[in-house]
Amino acid sequence: MSRYEPSQSEAKWQTAWNEAELFAARPDPARPKYYVLEMFPYPSGRIHMGHVRNYTMGDVVARYKAAQGYAVLHPMGWDAFGMPAENAAMERGGHPKDWTYGNIADMKEQMRPLGFSLDWTREFATCDPDYYGQQQSMFLDMLKAGLVYRKNAVVNWDPVDMTVLANEQVIDGRGWRSGAEVERRELTQWFFKISDYSEELLSALDGLKDWPEKVRLMQANWIGKSRGLQFAFSTKDAPDGFEALEVYTTRPDTLLGASFAAISPDHPLAKHLERHDPAIAEFVAKCRAGGTTEEAIETAEKLGMDTGITVRHPLNTEVELPVWIANFILMDYGTGAIFGCPAHDARDFEFATKYGLPITPVFEPVEGDYPAAEFVPLKSEPVRYIRGFAGNEIQTGEDGVASAIAFCEENGIGQGVTKFRLRDWGLSRQRYWGCPIPVVHCESCGVVPEKKENLPVALPYDEDGTPIDFSVPGNPLDRHPSWRDCACPSCGAPAKRETDTMDTFVDSSWYFTRFTSPGAPTPTDPEEVAYWMNVDQYIGGIEHAILHLLYSRFFARAMHKTGHLPADAIEPFDALFTQGMVTHEIYQTRDEKGRAVYHLPEDVEDGKLKATGEAIETIPSAKMSKSKKNVVDPMNIIAQFGADTARFFVMSDSPPERDVEWTAAGAEATSKFLARVHRIADEIAASEAPADPAQDTALLKATHKAIDEVTRSIEGFAFNKAVATLYGLSNTLSKSKAGAEAKREAMKLMAQLMAPMVPHLAEEIWAMLGGTGFVISAPWPKADPALLVEDTVTLPIQINGKRRSELSVPKDMGKEEVEKLVLEDEHVRKALDGGQPKKLIVVPGRIVNVVI
RNA sequence: GCCCGAGUGGCGGAAUGGUAGACGCAGCGGAUUCAAAAUCCGCCGACGCAAGUCGUGCGAGUUCGAGUCUCGCCUCGGGCACCA
């Protein structure tokens, strides 16, 4: 008899695997390759249950594919640049570099006991000078290839701290530290020309068959291809140089419903007026208050100001429309100017109602009257045009738009234009802890790329021998005494380095290619990258559905264009899986002022605080977060139950794409189950029961059914169903009266099926039953189709769609014979009461429905 | 505000348009035990004595048949370009 003691056996097997170097990825021409990757973590310092879930999923896939004979690449690294390191330095002193590398060491120590099949020899952090030096090298190649350029763009500006704020540092329109009202300010910044690839990134989505449909949809909407009309209003009383006002509209069919024109506060005309008219300057300044997010702009109160300028209606030059400046017009989309048709646009309606502008319907419902507020039917819906100017009176919005564009083109009013919502990717960050942008500003030569032999342009660690001080707001690179000053790479004259660093999305846009050759002297090694790319299975959070994944798709194309990736790797992720979060209830009490005080789950027992016995309020589950203290430390779970319990629990119950609720009871139940499996295996190992052909066959059939189900579940990322199947198989095994030999074989197969999820226990059982080698190196079992077929099936009999009876028949019984038997059924005879059914539906092998 | 999801017993969830609730948790009953823990066996959507009726967020619809498909809502979650 041996007991289940994970604390001993888990460490033992991990040592054995490491000694056998099982997880080092090696190209092997004799086998197909498989690259499985989980989104690499930000080194916050502590792993959390979300990490455990994410990496367990990847590990299940990696181990399963290895058992199937693939040469597997399963690497791990660190997304190590970013704001938290700088924030930590500001709040607690110290240096971002020390904080980050310390966190990496801590997290690695926490990940080790989980027994993931990771190839740690390929590990790197994006803040390693070697990594970001290669990134700088690619940046220079992309600059040369015309994929990078500079232009002005708005940032959140904190007028008190005199610093740029990230969106998350703007809370209700105010800076998080100073509390000052944030304003939008323009800076010259670096951009990737992702817009060159708008069409390509959109159309290539169709090829991503193994991506979730919702992610493809989100990306398609984000890219936002639209067909519309661009035309110029001719202006009256406008300043010189503004004789025409270019507008873009996706609803040219509503042109005769135009009641005003509106321009963005950032439109060149608005900027011109701002310089000459104090009232407009004041208004525009008001528009610029608040953060830069689309959400902030769209939910802000609609503000407008009449400029006094008018434009002539292109279809009827007698009609003049006023030109307003409006805070909800985005300069980044279209031309930064629109015409407003309040009758058929909710935003225009709100604006027109507020400022008393006319509302002129262009179309109405085919049946019924024009509604009280705006009327915005689906474009695919037919409507009756009462102020149409092109095509039929009754047509869909789509047709109306198409004929309006055709009409305007014929009459020289404007052109049909395709536009995209997708904007170029601004990569400049006015921060220290990021990859320096490797260019130099020279007074005579302008912007000069750094020479490649001078890369990496490394971040300075200290100033004259003392670590950089982060207690002062702003970017330390800007005020560094020696780092900033340099010689111009072109003319050698004194020059200044660019002090902006790169968006951390750049770091995460190519790390998956670097894993194929982490030590290469170039960004990628052609042979290695050609062998390992693409990522066969990518796993990460749904929150990355748009930005990270879209930027990576673009970057792969840019890398191809600059010779760093082969043509067949421009869609880097063959299959994508997006997993849900790990959630937990929140426990709180109130302090004397009635404010919420949160408590860790481990400090709570039976609805009371362990320490004081004070009753706690329980708030429904939410994503685990430190601020709400609803976190369960994986280390505690591993210490108490072992890694396999933690791994198995996060795979149980909830489907992986959905959020999973962590419950202490669930973890304990999982641990009990694993102990039970261990006990059953132990009993089987000692058993001497003689063979029993009937029982042995029944067990063999059940085992093969489980092989089939677990295999299909893992293939379909339905790990919760694989777990349910294993529960079922363990019950079958414990109750089976089969002989010892048959049971040993069944148990060994079960160990193989469990191995991807609970590898340590599986090894233990495999060894106990005399399996050869490691269970994880044993080839994945195949279900024998002959053992999966059932001879008889139970057909439910429905009467009018409701289940009333059932019928047991041989699997392949013909339709007519089944019908005959159905009509003889007691319930059916009773319901028919001597009559004939209206209809008798027999779906062979599935169901019978008698319609009366 | 805009885009994308999700909603099934007390709880987590299962169900190629075909027996709703597999499997697990909690709960209840029993066995074992001096007793307990552990373990094992059984019951377990609601109402009803029963026959049965009702049940997948709400309201319509398509279908012989809807948790599943369509339309309109509600609630919760993710994203909205400088959190990662």
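Going by what an unreviewed UniProt entry lists, chain A is known as Leucine--tRNA ligase and is assigned to Thioclava dalianensis. One UniProt comment on chain A, placed under Sequence similarities (unreviewed entry), says "Belongs to the class-I aminoacyl-tRNA synthetase family." Per its UniProt entry, chain A bears the Subcellular location (unreviewed entry) comment "Cytoplasm".

The secondary structure content of chain A amounts to 25 helices and 38 strands. Structurally, chain A occupies a C-alpha span of about 105 × 90 × 65 Å along its principal axes. Across chain A, every contact between residues at least 6 apart in sequence was considered, and the portion connecting residues at least 24 apart equals 71%. Total accessible area on chain A stands at roughly 38400 Å², and carbon and sulfur atoms take up 50% of it. With 90 positive and 123 negative side-chain charges, chain A shows a spacing of 3 Å between the two charge centroids.

Summarizing the sequence annotation, UniProt attributes the feature "domain: Aminoacyl-tRNA synthetase class Ia" (unreviewed entry) to residues 422-584 and 623-662 in the numbering used throughout. In this annotation, residues 422-584 is assigned 18% helix and 23% strand; the end-to-end C-alpha distance for the span is 37 Å.

This next bit is on the domain arrangement of chain A. In terms of domains, chain A is made up of domain 1 (25-132 + 505-579), domain 2 (225-420), domain 3 (584-651), domain 4 (663-787) and domain 5 (792-851). Distance between the C-alpha centres of domain 1 and domain 4: 33 Å. Sorting the residues of domain 1 by area buried against domain 4 places Val 60, Arg 63 and Tyr 64 first, and these three jointly supply 50% of that buried surface. Linking domain 1 to domain 4 there are 0 salt bridges.

What follows covers the pattern of salt bridges. Taken as a whole and assessed by the stated rule, the structure comprises 39 salt bridges. Asp 130 is paired through a salt bridge with Arg 514; the nearest N and O atoms lie 3.0 Å apart. Linking Asp 130 in helix H5 (residues 129-144) with Arg 514 in helix H14 (residues 511-514), this pair joins segments that are 384 residues apart in sequence. The exposure class assigned to Asp 130 is partly exposed, which follows from its relative accessible area of 42%. A salt bridge links Glu 745 to Lys 748, with the shortest nitrogen-to-oxygen separation between them at 4.0 Å.

What follows concerns the protein's contact with RNA strand B. Around RNA strand B, 66 residues are found, and the nearest of them are Asn 167, Arg 431, Arg 676, Lys 721 and Asn 849. Met 83 is positioned such that a nitrogen or oxygen atom in its backbone is 3.0 Å from a phosphate oxygen of RNA strand B. At 2.6 Å from a sugar or linking oxygen of RNA strand B is found a main-chain nitrogen or oxygen belonging to Asn 167. Among the residues forming the surface near RNA strand B, the class breakdown is 24 nonpolar, 18 polar and 24 charged.

Mapped onto the elements of the fold, Leu 565 is located in the loop between helix H16 (547-561) and strand S28 (576-579). Sequence separation between Leu 565 and Glu 528 is 37 residues; the distance between their C-alpha atoms is 10 Å. Other than its neighbours up to four places away in sequence, Leu 565 contacts Thr 513, Val 529, Ala 556, Met 559 and His 560.

For residues other than glycine, phi is negative in most cases, and the peptide bonds are mostly trans. The step from Leu 455 to Pro 456 runs through a cis peptide bond, and the omega angle for that step is -5 degrees. Among the structural elements, Pro 456 can be located in the loop between strand S21 (446-449) and strand S22 (462-463). Following Met 533, the chain continues into Asn 534 via a peptide bond in cis, with omega recorded as 5 degrees. By the element assignment, Asn 534 lies in the loop between helix H15 (526-532) and strand S27 (537-541). Look at Glu 21: it is not a glycine, yet its phi comes out positive at around 50 degrees. Look at Glu 21 and you get partly exposed, because its relative accessible area is 48%. The residue Asp 464 is not glycine, and still its phi comes out positive at about 50 degrees. Relative to the helices and strands, Asp 464 resides in the loop between S22 and strand S23 (466-467). We classify Asp 464 as exposed; its relative accessible area is 70%.

The subject of this paragraph is the sheet that holds S21. Sheet strands pair via backbone hydrogen bonds, and the direction of the pair is either parallel or antiparallel. If you trace the 4 strands from one edge of the open sheet to the other, you get S21-S20-S25-S24, paired in antiparallel fashion. What marks the edges here is a single partner per strand, and that holds for S21 and strand S24 (485-487). Geometrically, the sheet is characterised by an average inter-axis angle of 45 degrees between neighbouring strands, direction not taken into account. Inspection of the sheet shows S24 paired to strand S25 (residues 494-497) by 3 bridges, in the antiparallel sense. Residue Asp 485 lies in a different strand from S25, and its bridge partner there is Lys 496.

Turning our eyes to something else, we now look at the side chain of Asn 475. In this fold, Asn 475 is placed in the loop between S23 and S24. Overall, Asn 475 belongs to the buried group, its relative accessible area being 6%. A polar side-chain atom of Asn 475 sits 3.5 Å from the main-chain carbonyl oxygen of Arg 431. In contact with Asn 475, not counting residues within four places along its chain, are Gln 430, Arg 431, Tyr 432 and Thr 499.

As recorded in UniProt, the feature "domain: Methionyl/Leucyl tRNA synthetase" (unreviewed entry) lies at residues 36-170. Secondary structure over residues 36-170 splits into 45% helix and 16% strand, and the C-alpha atoms at its two ends are 37 Å apart.

Taken in spatial order, the 3 strands of this open sheet run S14-S15-S16, and their pairing is antiparallel. Of all strands in the sheet, those with a lone pairing partner are strand S14 (363-365) and strand S16 (394-396), marking the two edges. Across the sheet, the axes of successive neighbouring strands diverge by a mean angle of 45 degrees, strand direction being ignored. Both strand S15 (residues 382-385) and S16 contribute to a ladder of 3 bridges, which runs antiparallel.

Criteria and thresholds
- Residues numbered from 1 in each chain as written.
- Chains lettered and ligands numbered in written order.
- Predicted model: local features only at pLDDT ≥ 70, side-chain atom pairs only at ≥ 80, totals over all residues.
- Heavy atoms only, no water.
- UniProt positions renumbered as here; feature names shortened; annotations may be inferred.
- Helix = DSSP H or I, 4+ residues; strand = E, 2+ residues; numbered from the N terminus.
- Contact = heavy atoms within 4.5 Å.
- Areas by Shrake-Rupley, 256 points an atom, 1.4 Å probe, with all protein chains shown as cover.
- Lys, Arg positive; Asp, Glu negative; His and termini not counted.
- Charge placed at Lys NZ, Arg CZ, Asp CG, Glu CD.
- Domains from an automatic or database assignment.
- Buried area = accessible area lost by both parts, 1.4 Å probe.
- Salt bridge = Lys/Arg side-chain N within 4 Å of Asp/Glu carboxyl O.
- Buried < 20%, exposed > 50% of the residue type's maximum accessible area, 1.4 Å probe, protein only.
- Near = heavy atom within 4 Å.
- Polar contact = N/O pair within 3.5 Å; in protein donor to acceptor, adjacent residues only side chain to side chain.
- Nonpolar A, V, L, I, M, F, W, Y, C, P; charged D, E, K, R; others polar.
- Pairing = 2+ DSSP bridges.
- Axes fitted to C-alpha atoms, helices over the stretch in contact; angles between N-to-C directions.

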